[in-house]
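What the coordinates show
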Amino acid sequence: MARVELRQLRYFVAVAEELNFGRAADRLLIAGPSLSQQIKALERDLGVRLFDRDRRSVSLTPAGAALLPHTRALLEGADDLKRRAGRLSGSQAVRLGYVNWLPPDLSSRTAAVARVHLDAWVAPSHTQAARVADGSLDLAVCWVRGDDLDRLKLRAHLIGADRLYAVAKGGDSGDVPDVAAHDTDVLIDDDVTSWASWNVYGEELAQTTGARTVRISDGAITGPAFFDHVRRCTRPVVNCPKGQTSLLPSDLVRREIVAPKVYWTWSLVWREGEQRDAVLGVVDALCDGVGDLGIHAADAWLPADDPHAPSAP
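A few points on the structure.

What the rule picks out here adds up to eleven aromatic pairs. Above the plane of the ring of Trp195 lies Lys242, whose end atom (NZ or CZ) is 4.8 Å from the centre. Taking the ring centre of Tyr165 as reference, the NZ or CZ of Arg254 above it sits at 3.9 Å.

Below, the structure written as C-alpha cells:
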C-alpha cells in the first residue's frame, strides 16, 4: 500500500463531517477539485471507497464509516505527539511569578521543557494571580481561593503546602507543648494591599477554629516586628507562610498547632484556555507526582473555598 499522509486523513475527516465537498474545501482552505483528487488518491491507497457521491449528495460507505473513528483517533494521537514534542523542546520562555516559596527542584524539573524566567517582582498572592489573568505572567505560585479562579478565569493545581505553626515566648523547660488552634492569636494587618490574602485566610481561621484575631497596622505579619508582637501577646501567635523559615530569636519558641493542624496551600495557576506547549509543559513538569501533601488528613484544616480542600469540586 502506498504511503498515506496525515494531510489526506484530515481531508477525509472534514468531508465525512460536512458530507459536502464544497463546504469541506472552504473549511480546509483548499480548492474543491484538489480536495476531490486527494480523496480519490486516499481511496486508491487504502484500497477501499470511502464515499458514495453524485452531483447532489455525499454519503459515507460502510468502509468509510468503519474507518472514520480510527482515523480520528490516529489524528488525535499525531496532534498529541506534536504537543509533547513541543513541550520537550525547551526553547520557549515562560514567565513565572511567586510570593516567597518555589519548588526546590524547579530548575531540574523544567529544564527540558522551557526556559523558565522567574519574575523579579515578588508580590502578594492576589497580585500574582491577577498578573497571570492579565497576561503579565504565564504562571504563578501563589495562594488562591475557588472564587479567585472563577473570577479571574484561572486554573490551579496543588504544588506545595506549608503546615503553619505558632510562635510563643519561651519557658524554663526544654519541653515545648503543642497548642490547640483555638488557643492561638492571628495577626490581621490594616494594609490590605500587601496582606489581603493573609487577612482573608486569618479571618476564616479564627472564625472556624476559635482562634483570636489581633488587629495591627504596622505590617508586622513577618520579620523582627512580628516577634515583638509575639512578646506582647499573651497567647502563641500563628506564623504566616512568609515567615516559615525565619530563624527564631532565642527567647521565642515554635509550637505545633493541633486540633486541627493548620495548612496553607501553594497553587500553580495558569489561564483557562492556555494552549502554549511551553506553558503546559511546565505545568505538567511541576505538578507531576504531587500528592495531597497531608492536607486531606482528617485533622487538617483548610479554608472552605480552598480549591484543594477535600470537598472542593
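This part takes up the environment of Lys82. Mapped onto the secondary structure, Lys82 falls in helix α4 (residues 62–87). In this structure, the C-alpha to C-alpha distance between Lys82 and Asp277, residues 195 residues apart in sequence, is 9.4 Å.

On to the nonpolar core, then. Counting 63 residues, the largest nonpolar core has Leu139, Val141, Trp198, Tyr201 and Leu268 as the members making the most contacts within it. Per-element accounting of this core gives the leading share, eight residues, to helix α10 (residues 277–287). Setting aside anything within four residues of it in sequence, one finds Leu268 in contact with Leu96, Leu139, Ala140, Val141, Arg155, Ala156, His157, Ile159, Val283, Leu286 and Cys287. Within the second largest apolar cluster, 18 residues are counted, among which are Leu9, Leu50, Phe51 and Leu75.

With that settled, the discussion passes to the pattern of salt bridges. This structure, assessed with the given rule, holds 24 salt bridges. A salt bridge links Asp138 to Arg95, with the nearest nitrogen and oxygen atoms 2.9 Å apart. Residue Asp138 is found in the loop between α6 (125–134) and β5 (139–142), and its partner Arg95 is found in strand β3 (residues 93–98); the two are separated by 43 residues along the sequence. Residue Asp138 is classed as buried on the basis of its relative accessible area, which comes to 1%. Of the residues examined, Arg95 reaches a relative accessible area of 33% and is grouped as partly exposed. Between Arg231 and Asp228 there is a salt bridge, and its shortest N-O distance comes to 2.9 Å. A residue pair is termed a helical-turn pair when its members lie 3 or 4 positions apart in one helix, as Arg231 and Asp228 do in helix α9 (residues 224–232) at three residues. The network of salt bridges with shared partners includes Glu17, Glu18, Arg23, Arg27 and Arg72.

Parameters and conventions
Residues numbered from 1 in each chain as written. Predicted model: local features only at pLDDT ≥ 70, side-chain atom pairs only at ≥ 80, totals over all residues. Heavy atoms only, no water. Phe/Tyr/Trp six-rings, centres within 6.5 Å; stacked < 30°, edge-to-face > 60°. Lys NZ or Arg CZ within 6 Å of the ring centre and 35° of its normal. Helix = DSSP H or I, 4+ residues; strand = E, 2+ residues; numbered from the N terminus. Core = buried A, V, L, I, M, F, W, Y, C linked by side-chain atoms within 4.5 Å. Buried < 20%, exposed > 50% of the residue type's maximum accessible area, 1.4 Å probe, protein only. Contact = heavy atoms within 4.5 Å. Salt bridge = Lys/Arg side-chain N within 4 Å of Asp/Glu carboxyl O.

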